[in-house]
Amino acid sequence: TATRTSGGSGAVPQEWQFVATVGGSTASNVRNYEWNFGDGASASETGATEQHVYRGRGTYTVTLTVNLTNGSTLTATKEISTDTSDPDSLTLRRQP
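The rules we used
Residues numbered from 1 in each chain as written. Predicted model: local features only at pLDDT ≥ 70, side-chain atom pairs only at ≥ 80, totals over all residues. Heavy atoms only, no water. Helix = DSSP H or I, 4+ residues; strand = E, 2+ residues; numbered from the N terminus. Contact = heavy atoms within 4.5 Å. Salt bridge = Lys/Arg side-chain N within 4 Å of Asp/Glu carboxyl O. Pairing = 2+ DSSP bridges.

Caption draft 1: Examining the side chain of asparagine 32 more closely. By the secondary structure assignment, asparagine 32 is in strand β3 (residues 30-36). Beyond its immediate sequence surroundings of up to four residues, asparagine 32 is in contact with Glu45, Thr46, Thr65, Val66 and Asn67.

Here it is, written out as structure tokens:
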């Protein structure tokens, strides 16, 4: 889930909190999470929760890669916007 935690629509900087949820038997096989925030910043070898501040207005594609202990990966992407009045809470969904 991506949630705007400070700053309003169109105002910058905006702080967002990202929370990854992996369900079922896969949850116990997570090695780490890698976040790409779409603005040139990233966080790797991190946990399921990450904070990020967007300093510019615009639309950003957030990518989450979940590395599993068996060597496989799961990837999810979602566009977020600092400019819209859309709901602040968005869900990252696994891409087929």
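Caption draft 2: The pattern of salt bridges, seen in detail. For the structure shown, the criterion picks out one salt bridge. Notably, a salt bridge pairs aspartate 83 with arginine 57, separated by 2.8 Å at the nearest N-O pair. Highlighted residues: aspartate 83 in the loop between β7 (73-81) and β8 (89-90) and arginine 57 in the loop between β5 (49-54) and β6 (59-68), separated in sequence by 26 residues.

Caption draft 3: Representation of the pairing of β3. Bridging between β3 and β6 involves six bridges; their strand directions are antiparallel. Bridging across to β6, tryptophan 35 finds its partner in leucine 64. Summarising the sheet, β3 and strand β4 (residues 42-46) pair through three bridges and their orientation is antiparallel. Paired with tryptophan 35 across the strands is alanine 43, a residue of β4. Between the end of β3 and the start of β4, which pair antiparallel, lie five residues, with glycine 38 showing a positive phi angle near 85°.

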